[in-house]
Amino acid sequence: MASVGSEAEREPLLGPRSPRSREWDMVETQEHYKSRWRSVRILYLTMFLSSVGFSIVIMSIWPYLQKIDQTANASFLGWVIASFSLGQMVASPLFGLWSNYRPRKEPLIISIFISVVANCLYAYVHVPAAHNKYYMLIARGLVGFGAGNVAVVRAYIAGATSLQERTSAMANTSTCQALGFILGPVFQTCLALIGEKGVTWDTIKLQINMYTAPVLLSAFLGIVNIILILFILREHRVDDSGRQCKSVNFQEENTDEVQIPEGSIDQVAVVTTNILFFVVLFIFALFETILTPLTMDMYAWTQEQAVLYDGIILAALGVEAVVVFMGVKLLSKKIDERAILLGGLVVVWVGFFILLPWGNQFPKVQWEDLHNSSIPNTTFGEIIIDLWNSPREDYSEQPTGCPIEQAWCLYTPVIHLAQFLTAAVLVGIGYPACNVMSYTLYSKVLGPKPQGMYMGWLTASGSAARILGPVFISHVYTYLGPRWAFSLVCGIVVLTISLMGAVYRRLIAFSVRCGRIRE
């Protein structure tokens, strides 16, 4: 990481200084350094709050939807949940393009304001006399639209850090994002103590209860975030060596800044990295989706047991991800980032290979005509419904096991618990490493030019992966079983590794490819 007074920072990276080149004599001032990192940390908070905005209501959507609109069914619930990713997918390129040509405060403040308004709308969806479910759909879609600022956050951090600082900064960004997903449900659980009735502010028709308190908290934090961005965030851009350079986003009185270097971006590397990022998020999204149905089918867990045990597993994976993000920061100082990404993909492949059913022991078959949250009999919305109803139901008389409607239950060997837990640990190691390395490499491939639009497409590809992954795994698992499902995932990972191997030498920093800096 660059630091004021560091001799390494003062030495040129391309060899001896040229007498005619003033840019080598430029050293970042203490004030500029502090302002730059203060701004970056504000965006860490923005990333955290964006994740909280998604996860803080995810488990209360169904009962609230039932309460405000009796016509809502499980299929509609699936659309409400998916609307967040759809909104983010649409907004990311738009906000990214905006940030390329205007001060980045603008898209950040507008996007957060949209999220604040959307959260307030969510708190008022009970007021209209009809069509309440559609108001909820619009509200969640707008929250996702506001979350499209993730592209601006990544583009800003990429432009405000040198190559040496980039991996650490991106790892911190991913850590904040992961913590948001982990702590969102924790905040919701604490606010559930308010109760379903809560209190009502009749003057403005506002109900503050276990369903609306989380979004009101999210709206309040969004307002705080806007204030911090207005008064603390400053426009900063440095080149790959860490020197200040001019940007189209702002104008400074100081004219001594280095000009943004000319050169074309390697579009092959750009497209490849987008594909890598898509595959990484696609695989983890399908793993999260299949977790509950798989454990219920293989281990004859009740819904109550599945909610408890799978919740513990996902929480443990979240903590593991934070540890891996921190480890990646240290590892990247000694190992090529491309090698870390490749190694992460290999670890993910090993994890899914271990999940393949082996042996001659078969799962307990559920002969009764029972919906046990397995995908064959349910939509994604119905799975969420079952999870919510689970604590209130009596499981003592409910049969468990692999439902007979899934023909593969009769001939597919069981996946032993040790297999499953080992695979979960490996996926929990490989996914975060691949996640942070893919968009770190992406930012370096793009170079010091404004990256907003490109980061927008990257974020959009991730949103698409979170939508398509569950659809893919639900259909394959339903009709073909875990052997085919995980075999296809292994095949996808092998193709991805092959693709990366083919373009491995092209996944280098812009300044390295142009010969302006040593690798």
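Just so you know, these numbers come straight off a predicted model, no measurement behind them.

A. Structural detail: the overall build of the chain. Each helix and strand in the chain was counted, giving 17 helices and 4 strands. Across the 519 residues in the chain, those meeting the buried criterion constitute 56%. For the chain, long-range pairs separated by at least 24 residues make up 82% of all intrachain contacts whose partners lie at least 6 apart in sequence. For the chain, the accessible surface area stands at approximately 22,100 Å², while carbon and sulfur atoms represent 65% of it.

B. Here's a closer look at the state of the cysteines. Tallying each qualifying case throughout the model produces 1 disulfide. Put simply, C402 and C409 are joined by a disulfide, and their sulfur atoms are 1.8 Å apart. Where C402 bonds to C409 through sulfur, the torsion about that S-S bond is close to -55 degrees, and the disulfide is left-handed. For C409, a relative accessible area of 0% corresponds to the buried category.

C. Region of the structure containing the packing of aromatic side chains. All told, the structure shown has 20 aromatic pairs when counted by the stated rule. Ring centres of F284 and Y431 lie 4.1 Å apart, and the angle between their planes is 10 degrees; this geometry places the pair in the stacked category. A residue pair is termed long-range when its members are at least 10 positions apart, and F284 in helix 10 (residues 267-299) and Y431 in helix 14 (residues 417-446) qualify at 147 residues. Just as F284 is buried, Y431 falls in that class too. An aromatic cluster is built from F284, F287, F352, Y431 and F486, whose rings are joined through pairwise contacts. The ring of F76 carries K133 above its face, with NZ or CZ at 5.0 Å from the centroid.

D. The arrangement of unusual backbone geometry in detail. One non-glycine residue, H131, lies in positive phi territory at about 60 degrees. Here H131 lies in the loop between helix 5 (105-123) and helix 6 (132-146). One non-glycine residue with positive phi stands out, namely K205, at about 55 degrees. Assignment of secondary structure puts K205 in the loop between strand 1 (199-201) and strand 2 (206-208). Residue K205 is classed as exposed on the basis of its relative accessible area, which comes to 54%.

E. Structural context of the pattern of salt bridges. As enumerated under the stated definition, the model contains 6 salt bridges in all. Where E235 meets R104, a salt bridge forms, and the shortest distance between an N and an O atom there is 2.9 Å. Taken together, the residues E235 in the loop between helix 9 (213-231) and helix 10 and R104 in the loop between helix 4 (74-101) and helix 5 connect sequence positions 131 residues apart. By relative accessible area, which is 11% here, E235 ends up buried.

F. View of the nonpolar core. Judged by nonpolar contacts, the single largest core of 123 residues is most densely connected at I61, M136, F352 and F486. The dominant element in this core, judged by the number of residues it contributes, is helix 10, at 17 residues. Three or more residues apiece are contributed to this core by two domains, here domain 1 (24-246) and domain 2 (264-367 + 400-518). Ignoring any residue separated from it by four or fewer positions in sequence, one finds F352 in contact with I283, L286, F287, V427, F486, V489 and C490.

G. Spotlight on the packing of helix 2 (residues 30-55) against helix 7 (residues 150-159). Two elements in contact, helix 2 and helix 7, have axes separated by 10 Å at closest approach and are oriented at 155 degrees. Put simply, helix 2 runs roughly antiparallel to helix 7. By crossing handedness, the relation of helix 2 to helix 7 is classed as left-handed. Within the contact between the two elements, helix 2 uses S39, V40, L43, Y44, T46, M47 and S50 and helix 7 uses V150, V153, R154, Y156 and I157.

H. Highlighting a positive patch on the surface. Taken together, the side chains of K34, R38, R41 and R234 present a region of like positive charge at the surface. Along the chain, R41 turns up in helix 2.

I. Region of the structure containing the confidence of the model for the chain. For the chain, the mean per-residue pLDDT works out to 81, and 83% of the residues sit at or above 70. When mean pLDDT is compared element by element in the chain, helix 5 scores highest at 95, while helix 1 (residues 7-10) scores lowest at 37. Across residues 369-385, confidence stays below pLDDT 50; counting only partners more than four residues off in sequence or on other chains, it has 49 contacts. When the criterion is pLDDT under 50, residues 390-396 qualifies, and its contacts beyond four places in sequence or with other chains add up to 10 contacts.

J. Local environment of helix 16 (residues 482-502). Over its 21 residues, helix 16 extends 30 Å from the first C-alpha to the last, a length consistent with the 30 Å expected when each residue adds 1.5 Å. Three or more residues of helix 16 are buried, namely P482, A485, F486, V489, C490, V493, T496 and M500. All buried residues of helix 16 fall inside an arc of 135 degrees around its axis, so they share one side. Opposite the packed face of helix 16, turned more than 90 degrees from it, sit the exposed residues L495 and A502. In this structure, the buried side of helix 16 is in contact with helix 10, helix 12 (337-354) and helix 15 (452-480).

Cut-offs applied
Residues numbered from 1 in each chain as written. Predicted model: local features only at pLDDT ≥ 70, side-chain atom pairs only at ≥ 80, totals over all residues. Heavy atoms only, no water. Helix = DSSP H or I, 4+ residues; strand = E, 2+ residues; numbered from the N terminus. Buried < 20%, exposed > 50% of the residue type's maximum accessible area, 1.4 Å probe, protein only. Contact = heavy atoms within 4.5 Å. Areas by Shrake-Rupley, 256 points an atom, 1.4 Å probe, with all protein chains shown as cover. Disulfide = S-S within 2.5 Å. Phe/Tyr/Trp six-rings, centres within 6.5 Å; stacked < 30°, edge-to-face > 60°. Lys NZ or Arg CZ within 6 Å of the ring centre and 35° of its normal. Salt bridge = Lys/Arg side-chain N within 4 Å of Asp/Glu carboxyl O. Core = buried A, V, L, I, M, F, W, Y, C linked by side-chain atoms within 4.5 Å. Domains from an automatic or database assignment. Axes fitted to C-alpha atoms, helices over the stretch in contact; angles between N-to-C directions. Parallel < 35°, antiparallel > 145°, perpendicular 65-115°, else oblique. Left-handed = near helix turned anticlockwise from the far one by under 90°. Patch = residues over 30% accessible without salt bridge, like charges linked within 9 Å, V, L, I, M, F, W, Y side chains within 5 Å. Lys, Arg positive; Asp, Glu negative; His and termini not counted. Charge placed at Lys NZ, Arg CZ, Asp CG, Glu CD. pLDDT = per-residue confidence, 0-100. Expected span 1.5 Å × (residues − 1). Arc of directions from axis to C-beta.

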